[in-house]
Amino acid sequence: LGNGIIESHLPVRDATGVPRNTSIIITFKEPMKLASLIQGYDDRGTPADLSDDVTASALNVGTVHIIKLNGTREETLTSAQVDVRFTEDRKTFVFKPREWLGSSTANTPYRVELVPGRSGLLVESGQSAFSSEFPSGYRWQFEVSTLVDVTPPQIISVLPPRGVQPPNAILQINFNEAIDPTSAAGLFRAGRGFSNIEVNAAPTGDPEAAAVR
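Per chain, residues are indexed from 1 in the order of the written sequence. Selection of residues for local features in this predicted model requires a pLDDT of at least 70, selection of side-chain atom pairs for listing and counting requires 80 or more, and totals for whole chains, interfaces and linings are taken over all residues. Processing note: side-chain calculations cover all non-hydrogen atoms of the structure and skip hydrogens and water entirely.

Here we look at the overall build of the protein chain
Then, in step 1: A helix here means a DSSP run of H or I that spans at least four residues, while a strand means a run of E at least two residues long, and both kinds are numbered starting from the N terminus. Helix and strand counts for the protein chain come out as zero helices and 13 strands.
Then, in step 2: Reading the protein chain from its N end, one meets helices and strands in the order β-β-β-β-β-β-β-β-β-β-β-β-β.
Then, in step 3: Out of the 213 residues belonging to the protein chain, those deemed buried represent 31%.
Then, in step 4: For the protein chain, restricting intrachain contacts to residue pairs at least 6 apart in sequence, the fraction spanning at least 24 positions comes to 59%.
Then, in step 5: Each accessible area is a Shrake-Rupley estimate made with a 1.4 Å probe; only the visible protein chains count as cover when residues are assessed. Accessible area for the protein chain stands at about 12400 Å²; split by element, carbon and sulfur atoms hold 52% of it. Exposure is judged per residue with a 1.4 Å probe applied to protein chains only, and the accessible area is read against the type maximum: over 50% gives exposed, under 20% gives buried, and values in between give partly exposed. Contacts are residue-level and defined by heavy atoms, with any inter-residue pair within 4.5 Å sufficient.

Some thoughts on the side chain of aspartate 43
Then, in step 1: Within the secondary structure, aspartate 43 is located in the loop between strand E3 (24–28) and strand E4 (64–70).
Then, in step 2: Aspartate 43 sits in the buried class, given a relative accessible area of 8%.
Then, in step 3: Between N or O atoms, a polar contact is any pair within 3.5 Å; within protein, one atom must be a potential hydrogen donor and the other a potential acceptor, and residues adjacent in sequence are included only when both atoms are from side chains. A distance of 2.9 Å separates a polar side-chain atom of aspartate 43 from the backbone nitrogen of glycine 45.
Then, in step 4: With near-sequence residues (within four places) excluded, aspartate 43 lies in contact with Lys33, Asp52 and Asp53.

Side note on the pattern of salt bridges
Then, in step 1: We define a salt bridge as a side-chain nitrogen of Lys or Arg found within 4 Å of a carboxyl oxygen belonging to Asp or Glu. Taken as a whole and judged by the stated rule, the model has eight salt bridges.
Then, in step 2: Here glutamate 75 and arginine 73 are joined by a salt bridge, their closest N and O atoms 2.8 Å apart.
Then, in step 3: One network of salt bridges, in which partners are shared, links Glu74, Arg111, Glu113 and Arg139.

A closer look at the pairing of E4
Then, in step 1: Think of it this way: DSSP has to see at least two bridges between two strands before they count as a pair. The pairing of E4 with strand E8 (residues 108–114) spans five bridges and is classified as antiparallel. Residue pairing for E8: isoleucine 66 is matched across the bridge by valine 112.
Then, in step 2: Counting the residues in the hairpin turn of E4 and strand E5 (residues 73–76) gives two residues, including glycine 71, whose phi is positive at 65 degrees.

Points about the packing of aromatic side chains
Then, in step 1: Each aromatic pair joins two rings of Phe, Tyr and Trp (for Trp, the six-membered one) with centres within 6.5 Å, and gets the label stacked for planes under 30 degrees apart, edge-to-face for over 60, and tilted for any other angle. In the structure shown here, the tally under the stated rule is five aromatic pairs.
Then, in step 2: Consider the rings of phenylalanine 86 and phenylalanine 93, whose centres lie 5.8 Å apart with planes at 35 degrees: the pair is tilted.
Then, in step 3: One aromatic cluster in this structure is built from Phe28, Tyr41, Phe86 and Phe93.

A short note on the nonpolar core
Then, in step 1: Definition used in this section: a nonpolar core is a set of buried Ala, Val, Leu, Ile, Met, Phe, Trp, Tyr and Cys residues joined via side-chain atoms within 4.5 Å. If you look at the biggest cluster of nonpolar residues, it comprises 32 residues, and the most contacted ones within it are Phe28, Met32, Leu37, Ile66, Phe95, Leu114 and Phe142.
Then, in step 2: Only strand E2 (15–18), E3, E4, strand E6 (82–86), strand E7 (92–97), E8 and strand E9 (138–144) provide two or more residues apiece to this core.
Then, in step 3: By residue number, the principal contributor to this core is E9, which donates four residues.
Then, in step 4: If near-sequence neighbours (up to four positions away) are discounted, leucine 114 is found in contact with Ile6, Ile26, Phe28, Thr63, Val64, Leu121, Phe130, Ser136, Gly137 and Tyr138.

Some details on unusual backbone geometry
Then, in step 1: A cis geometry characterises the amide bond from leucine 10 onward to proline 11, with omega recorded as -5 degrees.
Then, in step 2: Along the chain, proline 11 turns up in the loop between strand E1 (6–10) and E2.
Then, in step 3: Here the residue pair leucine 159 and proline 160 is connected by a cis peptide bond, since its omega of 0 degrees sits within 30 degrees of zero.
Then, in step 4: Of note, proline 160 is situated in the loop between strand E10 (155–159) and strand E11 (172–175).
Then, in step 5: One non-glycine residue, aspartate 14, lies in the positive phi region at around 65 degrees.

Some words on the sheet that holds E4
Then, in step 1: The strand order E2-E9-E8-E4-E5 describes an open sheet built from five strands, whose pairing is mixed. Lying at the two open borders of the sheet, with one neighbouring strand each, are E2 and E5. In this sheet, neighbouring strand axes are inclined to one another by 30 degrees on average, regardless of whether the strands run parallel or antiparallel. Between N-to-C directions, angles cover 0 to 180 degrees, with each direction set by a line fitted to C-alpha atoms, over the stretch in contact for helices.

Things to note about the sheet that holds E1
Then, in step 1: Strand order across the open sheet formed by four strands is E1-E3-E7-E6, with antiparallel pairing between neighbours. The sheet is open, and its two edges are formed by E1 and E6, each paired on a single side. The average angle at which neighbouring strand axes cross in this sheet is 15 degrees, direction not considered.

Observations concerning the environment of valine 123
Then, in step 1: Take valine 123: it is sitting in the loop between E8 and E9.
Then, in step 2: For the pair valine 123 and phenylalanine 28, spaced 95 residues apart in the sequence, the C-alpha separation amounts to 9.3 Å.
Then, in step 3: The contacts of valine 123, once residues within four sequence positions are left out, are Ile5, Glu30, Pro31, Met32, Lys33 and Ala129.

See the structure below:
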C-alpha cells in the first residue's frame, strides 16, 4: 500500500470475525500480467483484448500464497483449491477458495503473501510488480471466524435520486457491505457490458429506469 503496487485488499490487515465463505480481493494500481496470478492463463500477447485469451481459473501458487496458520504448522492452499476471477481492466482480482476457510469450532488465522521478483507477481508489461523498495513483496494476516455469512448484500442508497438529471450524471449504488467486484464490473463495448446490473433508457419518464437484478 502507499507507494506500492497495491491499491487495496479485503479482508483488511488484521481483520477479525471474517466469515468462512469470504473471498480474498486485491485491487492493484495498474493492470497485471494475468499469467502471474492465474496458472496456465495465456493472453496471446494482447493483454487488453480478452476475446482471444486461453483462459484458466486456478490460482498461481508460485506468486500468491494463501496460508492457514494452525499453531506452529502452516498449510498453503493449492492451485486446485482456489479459483481466480478478475475485472476487465485487469486490476482487481478475486481469489475464491473452493471450500470454506477456517473451522466451525475455532477462529483461524490466515496469511496472504505476494511474491516479488521476475518470477513473482508481474505487471502487464512483464516487469516485477514490486520495486527495490519492496524486496520482500507484500503480506498481511486476518482471522476467520466460525460463522458463514448467508445474508446477501443490501442496497442502502443510489445516486442520482429520482427526478430529471443531467446527461453526464454518475450512477452509483451503495451496499451495506463489500461485494464481489467481478459481479458488478464491466465495460460497455459492442453492446456488451455489465452482467448483473442493467441500466435501461426510459424515454417515457419511467422512474424505475435503473434496475439491479
